[in-house]
Each structure stands twice: as C-alpha cells, then as structure tokens.
Amino acid sequence: MSLANGRTYLAIPGPSVVPDAVLRAMHRASPNIYEGELIDMMPGLKADLRRVARTEHHVAIYMGNGHAAWEAALSNVISQGDLVLVPSTGRFCEGWGEMAEALGASVELLDFGMKSPMDADAIEARLRADTEHKIQAVLAVHVDTSTSIKSDVAAVRAALDAAGHPALLMADCIASLGCDRFEMDAWGVDVMVTASQKGLMLTPGLGMVFFNDRAAEVRATMTRVSRYWDWTPRAHPEHFFQYFGGTAPTHHLYGLRVSLDMMMAEGMETIWTRHEKLASAIWGACEAWGQGGPLSLNVEKRAHRSFAVTALRLGGPDGTRLRRWSEHQAGVTLGIGLGMSEPDDPKGDGFLRIGHMGHVNAHMVLGTLASIQAGFDALDLPYGAGALDMAAKALAS
Ligand SMILES: *Cc1c(COP(=O)(O)O)cnc(C)c1O
C-alpha cells in the first residue's frame, strides 16, 4: 500500500509548483501573434518583471531555460579571449563559468568551497591585483542551488568599487528571484539572468536577461553577437515578437501575466518575508533532527542560507532511500544532492535538497517536514526530537 495517492508535491528546487491560475491561463487557444492582446500585453509584462528585479533598466525575454539565459547574457558582453572571474560556491557557479569557457572566454575560478559564501575581501584583492583591468566581468551566482549558499551580491559590487575596477557585475538569480531579496539597481548589478520555472512559478521555457546602460555600452563595442542571443532587439519584445524575432512564446507569456499578477498582489517585501518564514521552519526542524541523528544542514550560518532551497546531508545511501520513501509513500518528491559527493559516496546518495521556492505555503512545508520524519521512522534512521514542534513554532511566531 502507498499513502501517496492524492495531490503530489514536487518539493525540488525547480521546476517549482505552478499555480492552478497560471495553468488555467495557459490552457487556451493560440492567440494572434501579430496584433491584439498578446502584443498589447508586452509593455505590462516588462514593467512588472522590472518590479520583481527592482530595476529601471532593460529586460530581454528568450525562449529557453536558465542555461539559455546564461549563454545569452555572456554572448552580449564577452568576446573570445576575455577574462572572466567566477567566485564559486557550488555547481551552478562552476556551470556558468564552464559556459563562458565554451564561448571562448578565459575563466578564473575563485573557489570558496561548498559550505560558505563568497568572500568579498578576496574578490577585492583579486580585482586590485588586476591593474591592467583584464577582467571583463565577475559572474556572481546569488544563490547556488546545489549548496543552497546565498552570497552578498551588493558586497561584490562594493569590492569592484573599492578596487576601482570597471568589470561588469553579472548576477545569476535563477534560484533566488522572487524568493530571496534581490535589488538589481540598488546593489549595482549590471546584468542579471533568471528563468521562469523557479520563483516566477511558471513552467520551464522562458529565460530572461536584465541589463543596464553600462552593459548596453559594452554590448555596443562587441564586434559580433549571435543574432539569436542579441539582447538589443529583444529589449523591445512588442516589436521583436511581431516583426523579426520569430514566434513568441505565446502560452508562457499568458502564464507569466498571471504569475506576475499574483506577485504584484502579494508584494515583493511580503513574498520575501513569506519565504524567510517558511525557510526558518525548515531550518528549525532540520537543526532539531540533527541533534539526535546524522542529518545536517550544508550551510552553518542562517545568514548564508537561501530562502529558496535547503541542501542537506544524511549520509550514503540514506539520502536516496529517504527521497524514494517520501516520493512513493508520502507523495512528496525531494531534490537530489547536486554536485555533492564524498569519498565513500561518489554518487552523492547521502545528499538531498528541499525546494521551497515560489508557490509554497505553511501547510506544504509542514506536510513535507512531517513526511520526512515519517520516512526516518519507516527507514529506522535516528533523529533528534521536537523538530515538528520547532517548525510549527517558527511559523506561529
Ligand atoms: C536552476 C538554475 C540554473 C539552471 O537553470 P536551467 O533552467 O535548469 O537551465 C542555473 N543557475 C541557478 C542558480 C539555478 O538555480
């Protein structure tokens, strides 16, 4: 017998839960792509995306996922042979760096390990040493989804300014946007990439690149930019999709309209506070379990943990056993450990992640936590007492 029949819950760090209202908006006949409602919708979508990213500047919308947005952003400002600095806190930082390398950039990794955030002082020291200003961009992943480490992007801007270095600050907010506080303009971010299937609560399929005028100036000096990735025409999607960009991502745009309506109604500050509160319930429970068992949070300090995802270690092979139990017996799918391994656990079966991004509320978090505890019991794994009480108290406070 399984207790998983009923509405299942995908609690992985993307794709996230798509609200029914978004799915309903996408379930419709194909619209006219040349004039009418779809084209008229574009200015409002852009304005609301800017509100989510806290920027007054430009946004280009691509059909593609986060990897597409990575490549799009790099293609507009990085030329063959350019040096880029990649402060790394996990697999996604490395991944964006590998993408830059594949495009012909020379990549320098500043490795901060898998447990702590970027150290702005170390970044500043590296930038100061670059007296000839060879570094063209710093690729800063706000939240690395593999480790759940959140770095201080504003501190990276401060490091650039203190060093008097002109490199572009490029941020990956694919996991964090709409979950963890992010303020593109106030934090001095020149380019930001995100995708539709995490905090934006949409199906995978849209990649977005935000860029300011400084980045646009760098783009203007490029000798060659891929026609598909060029962000200049895409910053005017009402013309781009109408005349020369090819078919618009029609149904995604209708879904995006509704997810942005939901976000505007809730308000960015409230969205961030909700994510913080839900995350604190998860952290409280995990810390309590860890008091009497092998479970541990990957990131020690709360200030360095993302509100969108929590990376955990249980020890091989119990991470995988717990994930399987919770999916097949409780209807909750937990995330795999990505890019994490140990000498006696090369495949990373001891690691797992809980996604808590986007359309997530208190009962979903409490249900997930209680299901995990039931899994510990079913699999005979030891754990500390009082975890569910801790979670309930965190939500009630
Ligand atoms: C999910 C994610 C990506 C990759 O996005 P895809 O849509 O899977 O290509 C990149 N960076 C971060 C931080 C992510 O969370």
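Topic: the side chain of Ser75
Next, step 1: Residue position: Ser75 is located in helix H3 (residues 66-77).
Next, step 2: Look at Ser75 and you get buried, because its relative accessible area is 12%.
Next, step 3: From its side chain, Ser75 meets the backbone oxygen of Glu71 in a polar contact 2.6 Å long.
Next, step 4: Not counting residues within four places of it along the chain, the set of residues in contact with Ser75 comprises Leu103, Met222, Val225 and Trp229.

A closer look at the packing of aromatic side chains
To describe a pair of aromatic rings, one takes the distance between the centres and the angle between the planes.
Next, step 1: Tallied over the entire structure, the rule returns 10 aromatic pairs.
Next, step 2: Their ring planes at 45° and their centres at 6.2 Å tell us that Trp283 and Phe307 sit as a pair that is tilted. One end of the pair, Trp283, is in helix H11 (residues 268-291); the other, Phe307, is in the loop between strand S11 (296-297) and strand S12 (309-313), and 24 residues separate them in sequence. Here the two residues Trp283 and Phe307 agree in accessibility, since each one is buried.

As for the pairing of strand S4 (residues 106-111)
Across a regular strand the side chains alternate sides, sitting on one face of the sheet and then on the other.
Next, step 1: Pairing between strand S3 (residues 83-88) and S4: 6 bridges, direction parallel. Looking across to S4, one finds that Leu85 is bridged to Glu108.
Next, step 2: Crossover handedness for the path S3 to helix H4 (residues 91-102) to S4: right-handed.

Some details on the domain arrangement of the chain
Next, step 1: Domains assigned within the chain are domain 1 (9-16 + 267-396) and domain 2 (31-265).
Next, step 2: When each unit is reduced to the centre of its C-alpha atoms, the spacing between domain 1 and domain 2 is 28 Å.
Next, step 3: Buried surface at the junction of domain 1 and domain 2, both sides included, amounts to about 2500 Å², of which 58% is carbon and sulfur.
Next, step 4: Its largest share of buried area at the contact with domain 2, domain 1 owes to Met268, Trp272 and Asn298, together 23% of the area lost on that side.
Next, step 5: At the boundary of domain 1 with domain 2, the tally comes to 2 salt bridges.
Next, step 6: Applying the counting criterion to the domain 1 and domain 2 interface returns 15 residue pairs in polar contact (both at pLDDT 80 or more).
Next, step 7: Elements with a contribution of two residues or more to the side of domain 1 that touches domain 2: H11 and S12.
Next, step 8: Looking at the side of domain 1 that touches domain 2 residue by residue, the classes come out as 14 nonpolar, 11 polar and 3 charged.

Quick word on the sheet that holds strand S1 (residues 9-11)
Next, step 1: Spatially, the 5 strands line up as an open sheet ordered S1-S13-S14-S12-S11, and their pairing is mixed. With partners counted over all chains shown, the strands left at the sheet margins are S1 and S11, one partner each.
Next, step 2: One ladder, built from 2 bridges, connects S11 with S12; its direction is antiparallel. Across the sheet, Ser296 pairs through a bridge with Arg313, a residue of S12.
Next, step 3: Each of S1, strand S13 (332-336) and strand S14 (351-355) touches helix H13 (residues 362-378); the most contacted strand, S13, lies at about 80° to it.

Observations concerning the packing of H3 against H4
Next, step 1: Packing of H3 against H4 brings their axes to within 10 Å, and their N-to-C directions diverge by 50°. Judged by the angle between their axes, H3 and H4 are oblique. For the element pair H3 and H4, the recorded crossing hand is right-handed. Between H3, through His67, Trp70, Glu71 and Leu74, and H4, the contact on the second element is made entirely by Phe92, Gly95, Trp96, Met99 and Ala100.
Next, step 2: Grouping the amino acids of the contact of H3 with H4 by side-chain chemistry returns 6 nonpolar, 2 polar and 1 charged.

Here's the deal with unusual backbone geometry
Note: most residues except glycine have negative phi, and most peptide bonds are trans.
Next, step 1: With an omega of 0°, the peptide bond between Gly14 and Pro15 qualifies as cis.
Next, step 2: A cis geometry characterises the amide bond from Gly316 onward to Pro317, with omega recorded as 0°.
Next, step 3: Along the polypeptide, Pro317 turns up in the loop between S12 and helix H12 (318-330).
Next, step 4: Of note in this structure, Arg54 is not a glycine but carries a positive phi near 55°.
Next, step 5: With respect to the secondary-structure elements, Arg54 resides in the loop between helix H2 (37-53) and strand S2 (58-63).
Next, step 6: Not every positive phi belongs to a glycine, and Asp380 is a case in point at roughly 65°.
Next, step 7: Along the chain, the position of Asp380 falls in the loop between H13 and helix H14 (387-396).
Next, step 8: Overall, the relative accessible area of 70% leaves Asp380 in the exposed class.

Rules of the game
- Counting of residues starts from 1 at the beginning of each chain's written sequence and follows it residue by residue.
- Whole-chain, interface and lining totals are the exception, using all residues; otherwise, since this is a predicted model, local features are given only for residues with pLDDT of at least 70 and side-chain atom pairs are given and counted only at 80 or more.
- The basis for every side-chain value is the complete set of heavy atoms in the structure, and neither hydrogens nor water enter the calculation.
- Here a strand is any run of E in DSSP of at least two residues, a helix any run of H or I of at least four, and the numbering for each starts at the N terminus.
- When a residue's accessible area, from a 1.4 Å probe over protein chains only, is under 20% of the maximum for its type it is buried; when over 50% it is exposed; and in between it is partly exposed.
- The term polar contact refers here to a pair of N or O atoms within 3.5 Å; inside protein, the definition further demands a hydrogen-donor-capable atom paired with an acceptor-capable atom, and it admits residues adjacent in sequence only when both atoms are side-chain atoms.
- Any two residues whose heavy atoms approach within 4.5 Å are treated as being in contact.
- Classification of ring pairs rests on two measures: the distance between centres of Phe, Tyr or Trp rings, Trp counted by its six-membered ring, which must be within 6.5 Å, and the angle between planes, read as stacked under 30 degrees, edge-to-face over 60 and tilted in between.
- Strands qualify as paired when DSSP identifies two bridges or more between them.
- When the strands point away from the viewer, a crossover counts as right-handed if the path from the first strand over the helix to the second runs clockwise.
- An automatic or database domain assignment supplies the residue ranges for each domain.
- Two parts placed together each lose some accessible area; with a 1.4 Å probe, that loss summed over both constitutes the buried area.
- We define a salt bridge as a side-chain nitrogen of Lys or Arg found within 4 Å of a carboxyl oxygen belonging to Asp or Glu.
- Amino acids are sorted into nonpolar (Ala, Val, Leu, Ile, Met, Phe, Trp, Tyr, Cys and Pro), charged (Asp, Glu, Lys and Arg) and polar (every other residue, Gly among them).
- Axis angles are defined between N-to-C directions and span 0 to 180 degrees, where every axis is a line fitted to C-alpha atoms and, for a helix, only to the segment in contact.
- Note on terminology: angles under 35 degrees are roughly parallel, angles over 145 are roughly antiparallel, angles of 65 to 115 are roughly perpendicular, and the others are oblique.
- When the near helix sits turned anticlockwise from the far one by under a right angle, the crossing is termed left-handed; a clockwise turn instead gives a right-handed crossing.

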